[in-house]
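Close look at the chain arrangement
Read off the chains here:
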Amino acid sequence: MPGRPVSATLHEGPIPRTGRGDDNAAALEQLGRLMDSQFEIPGTGIRFGLDALIGLIPGIGDVAGGLVSLYIVGAAARYGVSRVTIARMALNLAGDALLGSLPFVGDLFDIGFKANNRNVALLQRSLAATPADQRKARRSDGLFVAGMLFVLVLVLAGGIALTLLWFWLLMKLFQIA
């Protein structure tokens with residue numbers, strides 16, 4: 001159903017067609033939904049998709065889910081979405097992959113974060129935006145990417161500092177050097 005409107009809770013409108021049958025609106029919307037929100041736990045309103053289910057398979061599940069998720073980012077690149085928006089989409093996938101790789105906790109994260117639905121919404125926002133909205137979105141996405149990079153640098157620096165502290169404590173404990 002290519003011309004069908006998208007759920008108003010996640011998306012703002014259908015993705016325009018490019019004439020390339022491999023990444024049309026319906027396929028991308030269905031892929032995002034299948035991976036993140038196809039199923040519902042009865043009576044709870046909690047939705048999840050194949051990403052959370054296949055993530056339960058140690059090692060292989062998270063890799064397979066990540067590869068499928070990359071298709072949406074690739075489609076966004078084919079549509080000509082800005083590099084900053086592509087970077088934001090990639091950060092969504094990176095966060096999903098990193099936190100999703102934690103046993104059990106990661107699967108719960110997958111249920112809540114829904115990186116594929118977020119990326120489809122980013123793609124739709126980008127394609128539906130006027131030139132003024134696109135500039136505003138690029139700034140917003142740029143700030144998000146810069147903030148995420150800052151947080152990643154802080155986490156890396158914190159990890160290095162904790163490692164050095166750990167070695168220093170071990171050296172003091174065993175009176176080395």
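As shown above, the structure is provided for reference.
The shown structure was predicted, so the numbers you read here are calculated from the model rather than taken from an experiment.

**Things to note about the side chain of threonine 85**
Here threonine 85 is to be found in helix α4 (residues 83-100). Non-local contacts of threonine 85, meaning those with residues more than four positions away in its chain, are made with Leu122, Arg125 and Asp141.

**Examining helix α3 (residues 60-79)**
Structurally, the α-helix is built with 3.6 residues per turn, so residues lying three or four positions apart point the same way. Across its 20 residues, α3 extends 30 Å between first and last C-alpha, which sits within 8% of the 28 Å expected from 1.5 Å per residue. Three or more residues of α3 are buried, namely Gly61, Gly65, Ser69, Ile72, Val73, Ala75, Ala76 and Tyr79. All buried residues of α3 lie within an arc of 150 degrees about the axis, which places them on one face of the element. Seen from the buried face of α3, the exposed residues on the opposite side, beyond 90 degrees, are Ile60, Val63 and Leu67. Note on α3: the residue one or two positions beyond its end, glycine 80, has a positive phi of about 85 degrees.

**Quick look at a positive patch on the surface**
Taken together, Arg135, Lys136, Arg138 and Arg139 make up a surface patch of like positive charges. Mapped onto the elements, arginine 138 comes out in helix α7 (residues 131-173). Under the relative-accessibility criterion, arginine 138 is labelled partly exposed at 36%.

**A short note on the packing of aromatic side chains**
Enumeration according to the criterion identifies 2 aromatic pairs in this entry. Taken together, a centroid distance of 5.7 Å and an interplanar angle of 40 degrees make the contact between phenylalanine 39 and phenylalanine 48 tilted. Residue classification places phenylalanine 48 among the buried residues on the basis of a relative accessible area of 16%. Judged by centre distance (5.0 Å) and plane angle (15 degrees), the rings of phenylalanine 109 and phenylalanine 113 are stacked. Here phenylalanine 113 and phenylalanine 109 lie together in helix α5 (residues 105-113), a separation of 4 residues that amounts to about one turn. Residue classification places phenylalanine 109 among the partly exposed positions, given a relative accessible area of 25%. For phenylalanine 113, a relative accessible area of 18% puts it in the buried group.

**A few points about the packing of α4 against α7**
At their nearest, the axes of α4 and α7 sit 9 Å apart, and the two run at 40 degrees to each other. Of the possible angle classes, the one that applies to α4 and α7 is oblique. Relative to α7, α4 is oriented so that their crossing is left-handed. Along the contact surface, α4 presents Val84, Thr85, Ala87, Arg88, Leu91 and Asn92, while α7 presents Arg138, Ser140, Asp141, Gly142, Phe144, Val145, Met148 and Leu152.

**What about a nonpolar patch on the surface?**
Among the surface-exposed residues, Leu98, Leu99, Leu102, Phe104, Val105 and Leu108 lie close enough to one another that they form a single nonpolar patch of about 600 Å² accessible area. Counting residues per element, the ones that place at least two in the nonpolar patch are α4 and α5. Mapped onto the secondary structure, leucine 108 falls in helix α5. Leucine 108 gets classed as partly exposed once you look at its relative accessible area, which sits at 48%.

Thresholds, definitions, all that
Residues numbered from 1 in each chain as written. Predicted model: local features only at pLDDT ≥ 70, side-chain atom pairs only at ≥ 80, totals over all residues. Heavy atoms only, no water. Helix = DSSP H or I, 4+ residues; strand = E, 2+ residues; numbered from the N terminus. Contact = heavy atoms within 4.5 Å. Expected span 1.5 Å × (residues − 1). Buried < 20%, exposed > 50% of the residue type's maximum accessible area, 1.4 Å probe, protein only. Arc of directions from axis to C-beta. Patch = residues over 30% accessible without salt bridge, like charges linked within 9 Å, V, L, I, M, F, W, Y side chains within 5 Å. Areas by Shrake-Rupley, 256 points an atom, 1.4 Å probe, with all protein chains shown as cover. Salt bridge = Lys/Arg side-chain N within 4 Å of Asp/Glu carboxyl O. Lys, Arg positive; Asp, Glu negative; His and termini not counted. Charge placed at Lys NZ, Arg CZ, Asp CG, Glu CD. Phe/Tyr/Trp six-rings, centres within 6.5 Å; stacked < 30°, edge-to-face > 60°. Axes fitted to C-alpha atoms, helices over the stretch in contact; angles between N-to-C directions. Parallel < 35°, antiparallel > 145°, perpendicular 65-115°, else oblique. Left-handed = near helix turned anticlockwise from the far one by under 90°.

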